[in-house]
Amino acid sequence: MSANRPAAVVVLAAGEGTRMKSATPKVLHEICGRSLVGHVVSAARELKPEHLVVVVGHAREQVTGHLAARDAGVRTAVQEEQNGTGHAVRMGLEALAAEGVRLSGTVLVACGDTPLLTSGTLAALARTHAGDGNAVTVLTARVPDATGYGRIMRAADGSVTGIVEHKDATDEQLAVREINSGVFAFDGALLADALGRVRTDNSQGEEYLTDVLGILRADGHRVGACVAADHREIAGINNRVQLAQARRMLNDRLLERAMLAGVTVVDPATTWVDADVTFEPDALVHPGTQLLGATHLGAGCEVGPQARLTDTRVGAEATVSNTVAVRAEVGEGASVGPYAYLRPGTVLGPRAKAGTYVEMKNATVGEGSKVPHLSYVGDATIGDHTNIGAASVFVNYDGEAKHHTTIGSHCKTGSDNMFVAPVTVGDGAYTAAGSVITKDVPPGSLAVARGQQRNIEGWVARKRPGSAAAQAAQAAGEERESERGGPGA
């Protein structure tokens, strides 16, 4: 097994998190498209551990269900009562042992509320642990303000002699800026034995994982440390303020990665991106844009301003402006917006258009076809190089069931059309403005479905005498008579 690949990773996610003041368990609060524990599991998963177990307790059904939906390979272990971090790790190892797993190698322990922790830092911890031959290696950080944190005490050879909690530290110890992160690497066999010897004779009556360090050191084993390159990675989330701060930091990290890969982000301060969003070079993101879920931006596309895309693919050289899109596909060179809404199942072909105030749902629009203005297209298929007139409505719902409309290729449909599904308009057909299309239109035909216009002369004078409209009509009539050389000329 490589030094980078642990025998197991144990993630502690049993706490309630009362300071969040929320019905949602703390570890299930989300930033950048993943739960707090989801970020930690993802970082751990990149190390390809032989076993990955998350210890759950508070709201265990919710947390377990969330983990199962996200990653079927994650085991869970239950900590019935929150009796300390050492007890939680022991529950994790016992769950593995119950499945016949006997650990030999490195066991990493991480906290489920540290979403900024990276796989690179975990890998560095595993390498340091193996390279230094430690029984325990503590991930530490040097911070500007260590108030409230446990201080790392070192011997002259650099080994760790202990962790002193802030309230118990002397003035000399308080001057130390290296702190405990709560993330550890252990020799698996030694850890299991030491956890069985952890005592509960402390003020909280709990099993502290940090007591394992003293136990193993007393046994003659070496305890070492690995300093995180960025102290912000170890930050735990305990309230909504810290949640927002972590979201900002993670968002900045994700945007920096995208920009270094060739994406132009005009204003990072107003651009938000989820962890699973992917980009191709020369994508351009304007201010006020949110890229969520598994959204993908193709090469040279332009998104924003004020776009919110969720699980949406944008093709190369496409433009998407002032648009909300959810589980949609925008083809290469296509144009969307401004002020468009692409609902799930929308697929725009290459160089297609969904224009201003257009809403689409479960609709496929062919290559080069356009829906330019003020229209709703639902449950429909539109062929290639067709133009849909302004203010068109695809009437897809009869009150009980949805029905499909098909518009062929090279069609021209008039403004203010209603297509009452199920209905088909054949290739090359036209429909007249103001038509309500209820029957299939053969290819190459012109469909006219509107009543004959009838003008009732003098209606305003009779029905609205003395009104502004009547006065305007009278003046117009007099002017018309004057132009004809009639009375008053």
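Up top is the structure these notes are about.
Worth saying up front: this structure is predicted, and the values here are computed from it rather than measured.

**Q** Summarise the packing of helix 3 (residues 85-98) against helix 6 (residues 188-195); cite the residues concerned and give the values.
**A** For the pair helix 3 and helix 6, the least separation of the axes is 10 Å and the interaxial angle reads 120°. Taken together, the axes of helix 3 and helix 6 lie oblique to each other. Every pair of crossing elements has a handedness; the one defined by helix 3 and helix 6 is left-handed. Touching G86, V89, R90 and L93 of helix 3 are L191, A192 and L195, all from helix 6. Of the residues assigned to the contact of helix 3 with helix 6, the class counts are 5 nonpolar, 1 polar and 1 charged.

**Q** I'd love a proper account of the pattern of salt bridges, names of residues and values included.
**A** Under the criterion given, the structure shown has 15 salt bridges. Where E178 meets R154, a salt bridge forms, and the shortest distance between an N and an O atom there is 2.7 Å. Placement of the pair is E178 in strand 10 (residues 178-187) and R154 in strand 8 (residues 151-154), with a sequence separation of 24 residues.

**Q** Describe the layout of surface pockets, naming the residues involved and giving the relevant values.
**A** Taken as a whole, the second largest pocket encloses approximately 280 Å³ of empty space. At 4 residues, helix 8 (residues 240-260) tops the list of elements feeding residues into the lining of the second largest pocket. Residue composition of the lining of the second largest pocket, grouped by class: 7 nonpolar, 5 polar and 4 charged.

**Q** Describe the environment of L284, and please don't skip the residues or the numbers.
**A** Counting through the fold element by element, L284 comes out in strand 15 (residues 284-285). For L284 and L297, which are 13 residues apart along the polypeptide, the C-alpha to C-alpha distance reads 8.9 Å. When residues no more than four places from it in sequence are discounted, the contact partners of L284 are T264, V266, C301, E302 and V303.

Reading guide: rules and limits
- Residues numbered from 1 in each chain as written.
- Predicted model: local features only at pLDDT ≥ 70, side-chain atom pairs only at ≥ 80, totals over all residues.
- Heavy atoms only, no water.
- Axes fitted to C-alpha atoms, helices over the stretch in contact; angles between N-to-C directions.
- Helix = DSSP H or I, 4+ residues; strand = E, 2+ residues; numbered from the N terminus.
- Parallel < 35°, antiparallel > 145°, perpendicular 65-115°, else oblique.
- Left-handed = near helix turned anticlockwise from the far one by under 90°.
- Contact = heavy atoms within 4.5 Å.
- Nonpolar A, V, L, I, M, F, W, Y, C, P; charged D, E, K, R; others polar.
- Salt bridge = Lys/Arg side-chain N within 4 Å of Asp/Glu carboxyl O.
- 1 Å grid on protein atoms, 1.4 Å probe; cavity = no way out; pocket = protein on both sides within 12 Å on 5 of 7 lines; lining within 4 Å.
- Points joined across faces, edges and corners; volume = space filled by probe spheres on them.

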